[in-house]
Amino acid sequence: MASIRLISSSIIQAESPRKKPDRIELTPWDLQHLLVDYLQEGLLFRKPKPQEEKPNMTLIHHLKASLLRTIDFFAPLAGRIASVEYEDETTSFFIDCNNAGALFVHAVAEKVTISDLIEPVYVPETFNSFFQLNEVKNIEGTSKPLLAVQVTELADGIFIACSINHSVVDGASFWHFFNSWSEISRGSDNLSKLPIFRRSLLDGVDYPFRIPLIKKQIQDHFILPPPLQVKVFHFTKQSIVKIKTKANAEMNTDKISSLQALLSHFWRSIMRNSHLDPNQETILFLVTGVRQQLQQLPEQYFGNAIQSAMVTLRAGELLEKGLGNAAWQINKIVANHTEENFMNFLKSWAKSPRLYQTGQMMNNALLTASSPRFDIYGNDFGWGRPIAAGHGVGSRLRGMLIAYCGVEEGSIDIKVCLSPETFQAMENDEEFMADIGRFLLVNIPMIPKL
């Protein structure tokens, strides 16, 4: 296993925060993530040529300096989670924009090459070391940085990894920050899309939310997961059109989206190759963004604006009624996500708070995450676009499907975490494999907490 050397670690603080708020209240969308892991995503770049580096400034110095200027626009990321305990044994949480600082780490893995990361069947265990704050829960943001960046120099590349507290950002806000950092790194003094932190945008919502947080909920009960593998399935623009057309034709409609068709394709194959009883209920947990449906929220709203939904079908119906039927069930659930339903969720959550918890999924359930709409491959820091994306250990749960844009225009990559036996069965699934553009097998070791 190739070693990674930590060269330096420092706390960086905003120097000239723009319109810095002192306190940002957490909404139910934020609070429900308190007991799960930080969001961890990173990008792999080729190492810039010497003439592409800034004069009189090393690459690491440049990235650190541009990050510092970016944090001026994102003051909450330099803050901490703060809590207030009440006599009725409830607790409220908010972001204290106290400029305690974000973490910046410089590491070197001089024996690791780009080909070591993107060509082998197995990802080396050192991959996990590209990220800071592994297995840290968001509630620990009371004492740990809300943003941790690690820049790892490889033999011929650079891996830039961000870990951001999931009670502070969702995927859209995560990539809003990443996009902004690359924009500043390219030489811009201002952002093309400024973040909006105001929670007053949500009409009829009373702050703070007080939740009966029981201390035993916070205890980490680690369960050794079964052997798991991760595959990245790549769908070309042409293969996506093929699957989407098939799904819509089966239901005599044109309303089924590309992603809904792709998720249904996986849902059916995974459950078929899990050999479930036909009467057993199967579950697809969807995580959808609400910015587009909720008029009160602008695109630049910085925080969590996501809501989960559950699609269920008995295994027999899922397999017998075809791709189109499964995709149509997803479509109906998504269509039911209206502004009224979103606001009702916020009000009902306040009366009966529920927090997500990290754990292994049941073999009849799948969980979706991320979105192909996020601008991942547009992150040019000044020497070229990224060549691959990576995720941290917190996203590697059995049954998780992470969908994001591919390198080629119009393509979609879906990262799937399952048992080796299920993957082997899927490879022999002619119906499933016939519609795959190509796939990459990545076996990521699951390292238990000691």
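Everything that follows concerns the structure shown earlier in this document.
Residues numbered from 1 in each chain as written. Predicted model: local features only at pLDDT ≥ 70, side-chain atom pairs only at ≥ 80, totals over all residues. Heavy atoms only, no water.

Caption draft 1: Examining the overall build of the chain more closely. Check the secondary structure of the chain and you find 12 helices and 16 strands. Split into buried and exposed, the 450 residues of the chain put 55% on the buried side. Taking all contacts inside the chain whose residues are at least 6 apart in sequence as the whole, residues at least 24 apart take part in 81%. On the chain, roughly 20000 Å² of surface is accessible, and the fraction owed to carbon and sulfur atoms is 50%. (Helix = DSSP H or I, 4+ residues; strand = E, 2+ residues; numbered from the N terminus. Buried < 20%, exposed > 50% of the residue type's maximum accessible area, 1.4 Å probe, protein only. Contact = heavy atoms within 4.5 Å. Areas by Shrake-Rupley, 256 points an atom, 1.4 Å probe, with all protein chains shown as cover.)

Caption draft 2: A look at the sheet that holds strand S8 (residues 157-164). Taken in spatial order, the six strands make up an open sheet running S1-S6-S7-S8-S3-S13, and their pairing is mixed. Each edge of the sheet is formed by a strand with only one pairing partner; in this case those strands are strand S1 (5-12) and strand S13 (388-391). Taking the axes of each pair of neighbouring strands and ignoring which way they run, one obtains an average angle of 15 degrees across the sheet. Where strand S3 (residues 39-46) meets S13, four bridges bridge the pair, whose relative direction is antiparallel. By the bridge assignment, glycine 42 is partnered in S13 with glycine 390. Each of S1, strand S6 (102-109), strand S7 (147-154) and S8 touches helix H2 (residues 59-71); the most contacted strand, S7, lies at about 160 degrees to it. Packed onto the sheet, helix H4 (residues 171-185) meets S3, S7 and S8 and runs at close to 135 degrees relative to S8. (Pairing = 2+ DSSP bridges. Axes fitted to C-alpha atoms, helices over the stretch in contact; angles between N-to-C directions.)

Caption draft 3: Summary view of helix H6 (residues 237-251). The end-to-end C-alpha separation of H6 is 22 Å, in line with the 21 Å expected for 15 residues at 1.5 Å each. Downstream of H6 by one or two residues, asparagine 252 has phi in the positive range, about 55 degrees. (Expected span 1.5 Å × (residues − 1).)

Caption draft 4: Structural context of the pattern of salt bridges. Applying the stated criterion across every chain, the model contains 12 salt bridges. The salt bridge partner of aspartate 429 is arginine 272, with a shortest N-O separation of 2.9 Å. Highlighted residues: aspartate 429 in the loop between helix H11 (420-427) and helix H12 (430-433) and arginine 272 in helix H7 (residues 258-272), separated in sequence by 157 residues. Residues joined by salt bridges that share partners form a network here, namely Arg268, Arg272, Asp429 and Glu431. (Salt bridge = Lys/Arg side-chain N within 4 Å of Asp/Glu carboxyl O.)

Caption draft 5: Inspection of the nonpolar core at higher detail. Of all hydrophobic cores here, the largest spans 80 residues; its most connected members are Leu147 and Phe177. Those residues in contact with phenylalanine 177 that lie beyond four places of it in its chain are Leu67, Thr70, Phe74, Leu77, Leu147, Cys162, Ile164 and Phe302. Ranked by size, the runner-up nonpolar core spans 34 residues in total, among them Phe233, Ala247, Leu286 and Ala326. (Core = buried A, V, L, I, M, F, W, Y, C linked by side-chain atoms within 4.5 Å.)

Caption draft 6: Highlighting the environment of leucine 228. Checked against the element boundaries, leucine 228 lands in the loop between helix H5 (215-218) and strand S9 (229-235). Linking leucine 228 and arginine 398, residues 170 residues apart in sequence, is a C-alpha distance of 7.0 Å.

Caption draft 7: How the structure looks around the side chain of asparagine 138. Within the fold, asparagine 138 resides in the loop between helix H3 (114-118) and S7. A polar contact of 2.8 Å, which involves the side chain of asparagine 138, links it to the backbone oxygen of valine 36. Not counting residues up to four positions away in its chain, the partners in contact with asparagine 138 are His33, Leu34, Val36, Asp37, Tyr38, Ile81, Asn165, His166 and Ser167. (Polar contact = N/O pair within 3.5 Å; in protein donor to acceptor, adjacent residues only side chain to side chain.)

Caption draft 8: Region of the structure containing the packing of aromatic side chains. Tallying each qualifying case throughout the model produces 22 aromatic pairs. Measuring from centroid to centroid gives 5.2 Å for phenylalanine 174 and tryptophan 175, while their planes differ by 70 degrees, and the two rings are edge-to-face. By the burial criterion, phenylalanine 174 is buried, and tryptophan 175 matches it. Ring centres 6.4 Å apart and planes at 75 degrees place the aromatic pair phenylalanine 209 and tryptophan 349 in the edge-to-face group. Placement of phenylalanine 209 in the loop between H4 and H5 and of tryptophan 349 in helix H10 (residues 339-351) is noted, with a sequence separation of 140 residues between them. Overall, the relative accessible area of 7% leaves phenylalanine 209 in the buried class. Over the ring of phenylalanine 94 we find arginine 23, and its NZ or CZ is 3.7 Å from the ring centre. Sitting above the plane of the tyrosine 86 ring, arginine 210 keeps its charged end 3.8 Å from the centroid. (Phe/Tyr/Trp six-rings, centres within 6.5 Å; stacked < 30°, edge-to-face > 60°. Lys NZ or Arg CZ within 6 Å of the ring centre and 35° of its normal.)

Interpretation in functional terms is not warranted from these geometric data alone.
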